[in-house]
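# Observations on the three-dimensional arrangement
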Amino acid sequence: MTAPGPRAETPAGPERAQPVIRLTGLTKRFGSGPDARTALDQISFDVTGGEVVALLGLSGSGKSTLLAQLNGLRRPTSGTGTVLGTDLARTGDAGLRELRRRIGFVFQQFHLVGRLTVLENVCTGALGSLRGPRLGLFTYPRSIRERALDGLERVGLAGHAFQRADTLSGGQQQRVAVARSLMQRPELLLADEPVASLDPESSAQIMRLLRDVADQGRLTVLCSLHQVDVALSWADRIIGLRQGRVVMDLTTRDIDRAEVMRLYTEVGADPAPLPATVAPSTGTR
Amino acid sequence: MSAIDQRPPLTPTAESGPTTVRRTLARPGVPGVAAGLALLICLAGGVWAITGLRLNIATLIDSAGNAVDFSSRMLPLDFPPAPELLGLLWQTLAVVIAGTALSVVLSVPVALLAARNTTLNTPCRVMARAVIVLCRAVPDVVFAIAAFRVFGLGGMTGVVALGVHSVGMVGKLTADAVEQIDEGPRTALRAAGAGRLQQITGAVLPQVLPSLVATALHRLDINLRVSVVLGFVGVGGIGYSLATAVNRLDYQRAMALALVVLLTCFAFESVSGAVRRTLLPEVTTRSRHSRWRGWAARNTGVKAAPSAVARAPGHAPAGTAVAGGDGTAAVRPRTGPPWNGARVRRTVWLTLALALVVASAVRSGVSWQALARATDSFLPTLGDFLPPGTAGTGGTLLDDLWVTLQISLAGTLVGLVPAVLLGVLAAGNVVGSPRVARFFRTVILCVRGVPELILAIVLVVVTGLGPVAGALALGIGSIGLLGKLVADSLEEVEPGPVRALLATGARRHQVFFGAILPRAWPAVLGHVLYQLDVNIRSATLLGIVGAGGIGYDLLNAARVLEFGVVTTVVLMVLAVVLLVEGLAVWVRKVYA
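Residues numbered from 1 in each chain as written. Chains lettered and ligands numbered in written order. Predicted model: local features only at pLDDT ≥ 70, side-chain atom pairs only at ≥ 80, totals over all residues. Heavy atoms only, no water.

## Here's the deal with the overall build of chain B
The secondary structure content of chain B amounts to 22 helices and zero strands. Considering chain B as a whole, with its 592 residues, one finds that 47% of them fall into the buried category. When contacts within chain B are restricted to residue pairs at least 6 apart in sequence, long-range pairs at least 24 apart make up 79% of them. Taken as a whole, chain B presents about 28,800 Å² of accessible surface, with 68% of it coming from carbon and sulfur. (Helix = DSSP H or I, 4+ residues; strand = E, 2+ residues; numbered from the N terminus. Buried < 20%, exposed > 50% of the residue type's maximum accessible area, 1.4 Å probe, protein only. Contact = heavy atoms within 4.5 Å. Areas by Shrake-Rupley, 256 points an atom, 1.4 Å probe, with all protein chains shown as cover.)

Here is the structure:
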């Protein structure tokens, strides 16, 4: 599969000064007492503006939980996390909702309402910026509908605008989901295994699209993946998780495939950092 | 010695010690035996009820003479003049339509509060569920009696009675549908910062809409059937004229009106099917894909990009020429769906439906003043019904509750045999011939089309006032609903085991008993108990038209303004219904 390579240069300018994401000892436990399970264990790293990061790790290593934390869908149990200047632990529900409006999220299972038109599904991405509930395409302002059409054209699906979403293929549905997240004009884009349920051709299209969106909008992107080759050719940086801990954090230029594959081959190994795979300063270059 | 030689002998030998009898049947569990006993008690109750009511061939033969006599008294049918008939019909339809619309309006918030995934908190959920159970268990006639105190004669009484009672069914089915939605779209909207209400309108309601429309249309159908009984407590329309004709013993007019109701029910059934198909098109196959795409490409004003490669942000989409500079007229992209045949049809139906609801509400006298009056009178009216009392008729009420139970048990058992038979024949996977199955489905549909109340009125005249008429009416009514539920349960059985048995050369009846019935019978049992539950509630209503039981006491108490007695009757029926519902849930759980 072909995906655009990492950027030759990392973004420069004021946006580099303040990290978009800063996590320090972030921990998330589910349950309590003897049944408690630690999903994220002392996660620390920074992500600066414009970086395209791939999260790798086995199923259950904490990738999805981490993305949900970053989006404010779940709160950390301990540690601190700041995303787009918002403190994840201390901000109230309204503040977290405000944060979510600035973060696009692409899911593995697309999460479209099958019986609604493609255009209406895309319009729902703008709900956070609108007041009050909306029921039916005509309840969205024309400006939003036009922006949604722009978004659909951007993902190559403008001709399907008035088709029911469940009549599209998996790859097309994922492109609709990307268009929906673009309606937020996000400053940060999170993607949770966006190509896990797609065929190689559709996967290539989606990854190319995400990269293009990131490059053109100078977007910061965090994307969990299972495909090592895709991650190496697509991302600027790879963060590897094992049993809820960061065990690898390097730029794609500084790492080779064999090293990354150790995340998957050394199953059951101690979740200590893999030798020579974590950059000295919390992973930033 | 080889490994094979070391295996224990398959049959006990003389050397293997005393012969032990191996179990070839599973040891019955305590819950299984208890549930079996409970069902046997219900069955015995049914047999006892049929014997006690003297529901036998002799009674039916005795009634044959009455039937002949009745035929001569009802013929020729005496239809009211066309304008009067149309007026009555419109009056009834208006109450039914406005009542059902009210139930939908009330049910949506109740259902959202009752569903686990959309409720605010547990107390809210419990309260919403309690409202649903109460609305379902209290007969619409009781709501009509209460509403009559507020609104008096007129459509509003019927609208409120049907609307509130229907929340029991519409609310429950909608809450169930809300709980079964795909949570994914809602999570996506939540992740995008949408508020709770925005999530509900953007991701929950669109998924629930098909179920809501189907439920509303089904309820409309049911409300049309039961609206007749409201005439007996003073709600205007065909039911009222029918009740008056029956009280005058004017059977020529009564049966003419009954025939009109029957034909309206049949007409309704086909219209509601067409409405459902038009409002809820199932365009889920890829077959229409290209046709839609063609339409969209022609009508959106934007062309599909050849690939998913993104363009630079801010670039205007194809077909969008910005007015100004070069003086070209602005070509704005289409942001609404194209006006194709399907959309025109859908819009026409939707507009007609809305116009019909508004017209029905106006015809039924729904107004702000009426609603304001309802708000003012709610507590005083509720006070009339509390506390529950017996007015010295406690013994009679208990006896009549017993009779109602007898009628429902007998009715269920009478309907059970033909219902199961028809249900089996209507199940495509059992009979193996789609044509035969379709034929029997149609038979079931025809039986379902006949309102039980019309049946009860006819049977009251034929067999005389009393429980036999009620039991027979319920029996015939049960064939329609139970037959359909049995056929559905049989057809829902997964096809794998059926194919496996067919592959072994088993005959069709062996497949039925070996692969279909063992999987379907817990559901069938549940449906039978559900039918009993429905019949207990219907038996209460049938009492109002003279078919015996506690419904008669209900009507009398309302007539003499003993509303405490009405409450007692409701509570008694509620207790029995909840008992049967609990039994149904338990039996299904045990045999699941």
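Text resumes after the structure shown.
## Some points on the packing of aromatic side chains
Using the criterion set out here, one finds four aromatic pairs over all chains in the structure. Aromatic pair Phe 105 of chain A and Phe 107 of chain A: ring centres 4.5 Å apart, planes at 15°, arrangement stacked. For the pair Phe 105 of chain A and Phe 107 of chain A, a shared accessibility class is recorded, and that class is buried. Aromatic side chains Phe 439 of chain B and Phe 440 of chain B sit 5.1 Å apart centroid to centroid with 80° between the ring planes, which places their arrangement in the edge-to-face category. (Phe/Tyr/Trp six-rings, centres within 6.5 Å; stacked < 30°, edge-to-face > 60°.)

## As for the sheet that holds strand E7 (residues 188–192) of chain A
Strand pairing in a sheet takes place through backbone hydrogen bonds and is either antiparallel or parallel in direction. Residues and elements named next belong to chain A. The mixed open sheet is built from six strands, whose spatial order is E6-E7-E8-E3-E9-E10. Across the chains shown, the open sheet's two edge strands, defined by having one partner strand only, are strand E6 (103–106) and strand E10 (245–251). Averaged over all neighbouring strand pairs, the angle between strand axes comes to 15°, with direction disregarded. Pairing of strand E3 (residues 52–56) with strand E8 (residues 220–225) involves five bridges; the strand directions are parallel. From the neighbouring strand, Leu 55 faces E8, where its bridge partner is Ser 224. Contacts from helix H5 (residues 170–182) reach E6 and E7, with the element oriented near 170° to E6. (Pairing = 2+ DSSP bridges. Axes fitted to C-alpha atoms, helices over the stretch in contact; angles between N-to-C directions.)

## Some remarks on the sheet that holds strand E2 (residues 37–47) of chain A
Residues and elements named next belong to chain A. Sheet architecture is open: four strands sit in the order E2-E1-E4-E5, paired in antiparallel fashion. The sheet is open, and its two edges are formed by E2 and strand E5 (86–87), each paired on a single side. The pairing of strand E1 (residues 21–30) with E2 spans seven bridges and is antiparallel. Considered in E2, the bridge of Leu 23 is made with Phe 45. In the packing of helix H1 (residues 63–70) onto the sheet, contacts are made with E1, E2 and strand E4 (78–83), and the angle to E1 comes to roughly 120°.

## Some words on the domain arrangement of chain A
Residue and element names in this part refer to chain A. Here chain A is partitioned into domain 1 (19–102 + 188–285) and domain 2 (109–185). The gap between the C-alpha centroids of domain 1 and domain 2 is 26 Å. Contact residues are listed per partner, giving 14 residues for domain 1 and 13 residues for domain 2. Between domain 1 and domain 2, a total of about 1,100 Å² is buried, with carbon and sulfur atoms accounting for 61% of that surface. Between the two partners, domain 1 and domain 2, sit zero salt bridges. There are five residue pairs in polar contact (both at pLDDT 80 or more) connecting domain 1 and domain 2. The set of elements that each furnish at least two residues to the side of domain 1 that touches domain 2 consists of helix H2 (93–101) and helix H6 (200–217). A per-element tally of the side of domain 1 that touches domain 2 places H6 first, with seven residues. Tallied by class, the residues present in the side of domain 1 that touches domain 2 amount to seven nonpolar, four polar and three charged. (Domains from an automatic or database assignment. Buried area = accessible area lost by both parts, 1.4 Å probe. Salt bridge = Lys/Arg side-chain N within 4 Å of Asp/Glu carboxyl O. Polar contact = N/O pair within 3.5 Å; in protein donor to acceptor, adjacent residues only side chain to side chain. Nonpolar A, V, L, I, M, F, W, Y, C, P; charged D, E, K, R; others polar.)

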